[in-house]
Amino acid sequence: MDQRDASVPTISRIGPFRASIATFGALIGSGFRRYATYRQATIAGTFTNIVFGFLRCYVLLAVAANAAGQRPAGYTAEQLATYVWVGQGLLAVIGLWGWTELADRIRSGDIAADLLRPVPPLAGFLAVDLGRALHGMLTRFVPPLLAGAVFFPLHTPTRWQTVPLFTVSVALAVVICFGCRFVVNATAYWLQDARGPITLWTLSAGVLGGLYFPLRLLPAELTVALWVATPLPSLLQTPLDVIAERDGPALQAGLVALQVVWAVLILALGALVQRRAERRLVVQGG
Amino acid sequence: MGELRAYAALGAAQVRSATTYRTSFLIELFGNMGATVFDVITVLVLFRVTPALGGFSLAEAMLITGLSTAGFTLADFAVGNVDRLKSMVRAGTLDAVLVRPLGALPQLLLMDLPIRKALRVVFGFTVLVLAVAANDIDWTPARVLLLVVAPVAAAVFFGSIFVSSASLAFWWVDSGEVGAAFTYGGRDFTSYPMSVYGGWFRGLFAYALGFAFVAYQPALVLLGVPDPLGLPAWSGFLSPVVALAAAAFAAGVWRAGIRHYRSTGS
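As a starting point, this report considers the structure included with it. Counting of residues starts from 1 at the beginning of each chain's written sequence and follows it residue by residue. Chain letters start at A and ligand numbers start at 1, both assigned in the order the entries are written. For a predicted model such as this one, the threshold for reporting local features is a pLDDT of at least 70, and the threshold for listing and counting side-chain atom pairs is 80 or more; totals across whole chains, interfaces and linings nevertheless cover every residue. Note that the side-chain values use all heavy atoms of the structure and ignore hydrogens as well as water.

1. Some points on the overall build of chain B
Then, in step 1: Helix numbering and strand numbering both begin at the N terminus, where a helix is a DSSP run of H or I of at least 4 residues and a strand a DSSP run of E of at least 2. If you tally the helices and strands in chain B, you get 13 helices and 0 strands.
Then, in step 2: Sequence-ordered secondary structure for chain B, helices as α and strands as β, is α-α-α-α-α-α-α-α-α-α-α-α-α.
Then, in step 3: C-alpha atoms define the radius of gyration, and 2.2 Å times the number of residues to the power 0.38 defines the globule rule. In summary, chain B has a C-alpha radius of gyration of 19 Å against a globular reference of 18 Å for 266 residues, a match within 12%.
Then, in step 4: By its C-alpha atoms, chain B is 55 × 40 × 40 Å across when sized along the principal axes.
Then, in step 5: Exposure is judged per residue with a 1.4 Å probe applied to protein chains only, and the accessible area is read against the type maximum: over 50% gives exposed, under 20% gives buried, and values in between give partly exposed. Relative to its 266 residues, chain B shows a buried fraction of 53%.
Then, in step 6: Residues count as neighbours in contact if any of their non-hydrogen atoms are within 4.5 Å of one another. Here the analysis covers contacts within chain B between residues at least 6 apart in sequence; of these, 76% occur between residues at least 24 apart.
Then, in step 7: Distance between charge centres in chain B, computed from 17 positive and 14 negative side chains, equals 9 Å. In this charge count, Lys and Arg are treated as positive and Asp and Glu as negative; neither His nor the chain ends contribute. Just so you know, the charge point we use is NZ for Lys, CZ for Arg, CG for Asp and CD for Glu.

Right, here's the structure in full:
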């Protein structure tokens, strides 16, 4: 007979590694369910994404129609349309805007309760955010893409590796975007009110992430500098250039590799900031 | 008279509260302007790779962007905060506004007069002035009058869009971002020549909803350029008429919404 009782599973039973994987998975599930409850908001957001998709697509197509060789910054009209519509789909997946949960919890003091949990805040919030992104991928990604495909000629990937590479790139973008938001929010540990940094983030993430226009339209040196020196182009520009096949296979893979570097760096920075903040909190609160 | 004093008191309280936390206020002041600055920069970046957009040069396109930006920032400053309505309906705090013997809409707007958005208005009108200077406009009394009237009409139009889309919350509490498609979407739409857009999308936004008359048609009159889409030359002067129609519509929607409102009871 099965001897298992209702007691809490001990660490020795399934091993610490498997236990933390299970916890991480449960948190991803909870993030997914949390966003699945806002069904009307999902519909409303999708509608708005589609309207903006039409706007941006028409404007960029008008740019392409008059540009030299009809290829502004090396994109064909179809590639630009793909850039716009996949971008509108990804917007809600990577969650560029509107996350102030950590800053709010720091300001209200609720963060103290989070520190007592066995999961460190960085990992806990990351898991919930991955669940949110998964929900976004299933509900918010496809409708704008369908709308775009119905009303505009889109570029269909021609290389076998593009779609798998794009999937990896999106996952990395989600992690990088979360890391950036975590660090921006964490400034509240020192500032109490993170509104300033969050405003700055909202502004720069949209423009320098490649949402308003492909960054390739800027002078080449500036684009390269942004890509190498900041994580921002790794948020939208990279996955979009990958799926639009703007570059050759080598550069396409190289951009994703750069994303890996940024994902590691930004998570390390997040962990470092959190450690410093906790030390400070202990000193302050005893 | 007493009513006016009450409104003035509400407004003055806002100025005091905004200036209390000075650093935070300054950050928001410049942050808010930043968003509008980037909209204009986007137009400049696009023109880096193309000599013309929808048949218009950079200077001409900037006049359209300037009219739209000036009107939008003014409207956003005056009534943009009406979009807080959805959280008030959800939380039931709208009841407190309704029981006071003052108009609900003016109270709502004065309860949070966004002084932090003031710099944006200044920037919006600066773009308009620079765009007017950059174009070689053949001034006539009618054009001077239009240049004065058009930004105000644009502001009234955008204000009506703000009120109408916020009123959605009376019927659909979780309307979320739908309003943004028409407010911020409308701003982006009117920032470019209508010849950029095509198909039913242009028909719907430009003519059925009237966005073409915010900046594009008045700009054509100022520039003395015939409309590539075929509307007659005088259609630019329709912008105040379209704005008044939008305002009447918004007032109707708002009143119907207030009548429809059932408190959450909390």
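Further notes follow.
2. Some thoughts on unusual backbone geometry
All names here are of chain A.
Then, in step 1: For Ala73, which is not a glycine, the phi torsion comes out positive at approximately 55 degrees.
Then, in step 2: Following the sequence through the fold, Ala73 ends up in the loop between helix H3 (39–66) and helix H4 (77–94).
Then, in step 3: Phi is positive for Glu245, close to 55 degrees, though the residue is something other than glycine.
Then, in step 4: Checked against the element boundaries, Glu245 lands in the loop between helix H13 (237–244) and helix H14 (249–285).

3. Topic: the packing of aromatic side chains
Residue and element names in this part refer to chain B.
Then, in step 1: Stacked, edge-to-face and tilted are the three classes for Phe, Tyr and Trp ring pairs, Trp counted by its six-membered ring, which pair at centre distances within 6.5 Å; planes under 30 degrees apart are stacked, over 60 edge-to-face, the rest tilted. Inspection of the entire model under this criterion finds 37 aromatic pairs over all chains.
Then, in step 2: Consider the rings of Phe72 and Phe162, whose centres lie 5.7 Å apart with planes at 40 degrees: the pair is tilted. Of this pair, Phe72 sits in helix H3 (residues 58–79) while Phe162 is found in helix H8 (residues 141–171), placing the two residues 90 residues apart along the sequence.
Then, in step 3: Phe72 sits in the buried class, given a relative accessible area of 1%.
Then, in step 4: Since its relative accessible area comes to 2%, Phe162 is described here as buried.
Then, in step 5: When the ring of Phe189 is compared with that of Phe201, the centres are 5.9 Å apart and the planes differ by 70 degrees; the resulting orientation is edge-to-face. Remark: Phe201 occurs in helix H11 (residues 199–208) and Phe189 occurs in helix H10 (residues 184–190); sequence separation between them is 12 residues.
Then, in step 6: Owing to a relative accessible area of 0%, Phe189 belongs among the buried residues under this scheme.
Then, in step 7: Classification of Phe201 as buried rests on a relative accessible area of 2%.

4. Digging into the interface of chain B and chain A
One widely used convention gives an interface's size as the accessible area the parts lose upon coming together.
Then, in step 1: At the interface, 37 residues of chain B touch 33 residues of chain A.
Then, in step 2: Summing both partners gives a buried area of about 3,000 Å² for chain B against chain A, and 74% of it is carried by carbon and sulfur.
Then, in step 3: Summed over both partners, the accessible area lost on bringing two parts together, with a 1.4 Å probe, is the buried area. The largest contributions to the chain B side of the interface with chain A come from Phe38, Val49 and Phe201 of chain B, which together make up 17% of the buried area.
Then, in step 4: Counted as salt bridges are all cases of a side-chain nitrogen of Lys or Arg within 4 Å of a carboxyl oxygen of Asp or Glu. Linking chain B to chain A there are 0 salt bridges.
Then, in step 5: Here a polar contact means two N or O atoms within 3.5 Å. Within protein one must be a hydrogen donor candidate and the other an acceptor candidate, and residues neighboring in sequence count only if both atoms are side-chain atoms. Put simply, chain B and chain A have 4 residue pairs in polar contact (both at pLDDT 80 or more) between them.
Then, in step 6: Only helix H2 (22–49), helix H9 (178–182), H10 and H11 of chain B provide two or more residues apiece to the side of chain B that touches chain A.
Then, in step 7: Top element by residues in the side of chain B that touches chain A is H2 of chain B. It accounts for 12 residues.
Then, in step 8: The residue makeup of the side of chain B that touches chain A, split by class, is 22 nonpolar, 10 polar and 5 charged. Side-chain classes follow a simple rule in which Ala, Val, Leu, Ile, Met, Phe, Trp, Tyr, Cys and Pro form the nonpolar group, Asp, Glu, Lys and Arg form the charged group, and the remainder, Gly included, forms the polar group.

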